[in-house]
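Chain and residue survey
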Amino acid sequence: MKCPKCKIAEMLPATYEGVEVDRCPRCEGMYFDKGELEHMLVSRSAEGVDRSEFTVLSDKHDMMVGRCQRCDVEMRPMVGHAGLRIDRCPNCGGIYLDQGELAAMRNA
Ligand SMILES: [Zn+2]
Ligand SMILES: [Zn+2]
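So, a few notes on the structure that sits alongside this text. (Residues numbered from 1 in each chain as written. Chains lettered and ligands numbered in written order. Predicted model: local features only at pLDDT ≥ 70, side-chain atom pairs only at ≥ 80, totals over all residues. Heavy atoms only, no water.)

Around a metal, the ideal angle is 109.5 degrees if four donors adopt a tetrahedral arrangement and 90 or 180 degrees if six donors adopt an octahedral arrangement. In the first shell of the zinc ion (ligand 2), the protein supplies Cys 68 (SG), Cys 71 (SG), Cys 89 (SG) and Cys 92 (SG), at 2.2 to 2.3 Å from the metal. Between the 4 donor atoms coordinating the zinc ion (ligand 2), the angles at the centre fall across 105 to 117°, so the site counts as tetrahedral. Along the chain, the residues that donate to the zinc ion (ligand 2) are spaced as C-x2-C-x17-C-x2-C. Given the relative accessible area of 27%, Cys 92 is considered partly exposed. (Donors = N, O, S within 2.8 Å, 3.2 Å for Na, K, Ca; no water. Tetrahedral: all angles 85-135°; square planar, octahedral: opposite > 155°, others 65-115°. Buried < 20%, exposed > 50% of the residue type's maximum accessible area, 1.4 Å probe, protein only.)

Within the secondary structure layout, Gly 66 lies in the loop between α2 (56–62) and β4 (76–79). Placed 11 residues apart in sequence, Gly 66 and Pro 77 show a C-alpha to C-alpha distance of 9.3 Å. Other than its neighbours up to four places away in sequence, Gly 66 contacts Pro 4, Lys 5, Val 73, Glu 74 and Met 75. (Helix = DSSP H or I, 4+ residues; strand = E, 2+ residues; numbered from the N terminus. Contact = heavy atoms within 4.5 Å.)

A separate point is the coordination of the zinc ion (ligand 1). The zinc ion (ligand 1) binds to the protein through Cys 3 (SG), Cys 6 (SG), Cys 24 (SG) and Cys 27 (SG); the donor distances cover 2.3 to 2.4 Å. Within one chain, the residues serving as donors to the zinc ion (ligand 1) are arranged as C-x2-C-x17-C-x2-C. Across the pair, Cys 27 and Cys 24 agree in class, each one buried.

Printed below as a string of C-alpha coordinates:
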(Lines give C-alpha, C1' and ligand atoms only; values in the text may rest on other atoms or scores of the structure.)
(Ligands and ions follow the chains in the order given, each with its own letter.)
Protein backbone atom coordinates (compact mmCIF):
# COMPACT_ATOMS: atom_id res chain seq x y z
CA MET A 1 0.00 0.00 0.00
CA LYS A 2 1.29 3.39 -0.95
CA CYS A 3 1.34 6.31 1.46
CA PRO A 4 -1.93 8.31 1.20
CA LYS A 5 -0.03 11.57 1.20
CA CYS A 6 3.30 11.38 -0.55
CA LYS A 7 2.08 8.56 -2.79
CA ILE A 8 5.60 7.43 -3.47
CA ALA A 9 6.72 5.24 -0.64
CA GLU A 10 5.12 1.97 0.39
CA MET A 11 3.73 2.03 3.89
CA LEU A 12 5.53 -0.36 6.20
CA PRO A 13 3.79 -2.23 8.97
CA ALA A 14 5.04 -1.50 12.46
CA THR A 15 3.70 -2.95 15.67
CA TYR A 16 3.39 -0.82 18.77
CA GLU A 17 1.64 -2.10 21.86
CA GLY A 18 0.20 -4.99 19.93
CA VAL A 19 -1.41 -2.58 17.49
CA GLU A 20 -0.28 -2.84 13.94
CA VAL A 21 -0.05 0.51 12.23
CA ASP A 22 1.27 1.42 8.82
CA ARG A 23 4.02 3.94 8.66
CA CYS A 24 5.51 5.78 5.75
CA PRO A 25 9.32 5.62 5.79
CA ARG A 26 9.51 8.79 3.75
CA CYS A 27 7.19 11.36 5.36
CA GLU A 28 6.67 9.43 8.63
CA GLY A 29 2.93 9.65 8.36
CA MET A 30 0.96 6.92 10.07
CA TYR A 31 -2.25 5.17 9.18
CA PHE A 32 -4.52 3.74 11.86
CA ASP A 33 -7.48 1.49 11.41
CA LYS A 34 -10.66 2.52 13.16
CA GLY A 35 -10.18 2.41 16.93
CA GLU A 36 -6.41 2.01 16.84
CA LEU A 37 -5.66 5.66 17.33
CA GLU A 38 -7.68 5.79 20.54
CA HIS A 39 -5.66 2.86 21.82
CA MET A 40 -2.38 4.58 20.97
CA LEU A 41 -3.43 7.77 22.71
CA VAL A 42 -4.04 6.11 26.05
CA SER A 43 -1.29 3.53 25.95
CA ARG A 44 1.65 4.60 28.02
CA SER A 45 4.25 2.66 26.12
CA ALA A 46 3.22 4.31 22.88
CA GLU A 47 5.48 7.05 24.18
CA GLY A 48 8.27 7.55 21.71
CA VAL A 49 6.40 6.05 18.79
CA ASP A 50 6.34 9.45 17.21
CA ARG A 51 9.16 11.69 18.33
CA SER A 52 8.77 13.99 15.41
CA GLU A 53 8.22 17.67 15.69
CA PHE A 54 6.04 19.55 13.29
CA THR A 55 8.12 20.58 10.33
CA VAL A 56 7.59 22.51 7.16
CA LEU A 57 7.13 19.17 5.49
CA SER A 58 4.32 18.08 7.76
CA ASP A 59 2.66 21.46 7.49
CA LYS A 60 2.58 21.16 3.74
CA HIS A 61 1.32 17.62 3.97
CA ASP A 62 -1.38 18.74 6.31
CA MET A 63 -3.06 20.71 3.55
CA MET A 64 -3.14 17.78 1.19
CA VAL A 65 -6.09 15.48 0.96
CA GLY A 66 -5.03 11.88 1.18
CA ARG A 67 -6.81 8.86 -0.18
CA CYS A 68 -7.59 5.99 2.11
CA GLN A 69 -5.11 3.26 1.34
CA ARG A 70 -7.72 0.60 2.05
CA CYS A 71 -10.80 1.93 0.31
CA ASP A 72 -9.31 4.33 -2.23
CA VAL A 73 -11.75 7.09 -1.33
CA GLU A 74 -10.82 10.64 -0.42
CA MET A 75 -10.22 11.16 3.24
CA ARG A 76 -12.01 14.03 4.94
CA PRO A 77 -10.35 16.52 7.21
CA MET A 78 -11.68 16.65 10.72
CA VAL A 79 -10.57 18.31 13.90
CA GLY A 80 -9.27 15.77 16.32
CA HIS A 81 -7.60 15.87 19.70
CA ALA A 82 -5.69 19.04 20.53
CA GLY A 83 -7.39 20.89 17.68
CA LEU A 84 -5.26 19.18 15.09
CA ARG A 85 -6.50 18.70 11.60
CA ILE A 86 -6.47 15.03 10.87
CA ASP A 87 -7.62 12.97 7.93
CA ARG A 88 -10.35 10.42 8.35
CA CYS A 89 -11.79 7.99 5.86
CA PRO A 90 -15.58 8.42 5.68
CA ASN A 91 -15.91 4.83 4.56
CA CYS A 92 -13.88 2.71 6.99
CA GLY A 93 -13.07 5.22 9.73
CA GLY A 94 -9.34 4.82 9.22
CA ILE A 95 -7.25 7.78 10.31
CA TYR A 96 -4.07 9.17 8.81
CA LEU A 97 -1.77 11.27 10.95
CA ASP A 98 0.98 13.43 9.59
CA GLN A 99 4.41 13.40 11.13
CA GLY A 100 4.34 14.86 14.64
CA GLU A 101 0.59 14.72 15.09
CA LEU A 102 0.52 11.69 17.35
CA ALA A 103 3.10 13.27 19.63
CA ALA A 104 1.17 16.53 19.67
CA MET A 105 -2.04 14.75 20.60
CA ARG A 106 -0.41 12.78 23.35
CA ASN A 107 1.09 15.93 24.80
CA ALA A 108 -2.18 17.80 24.70
ZN1 LIG B 1 4.41 9.37 2.96
ZN1 LIG C 1 -11.07 3.68 4.19
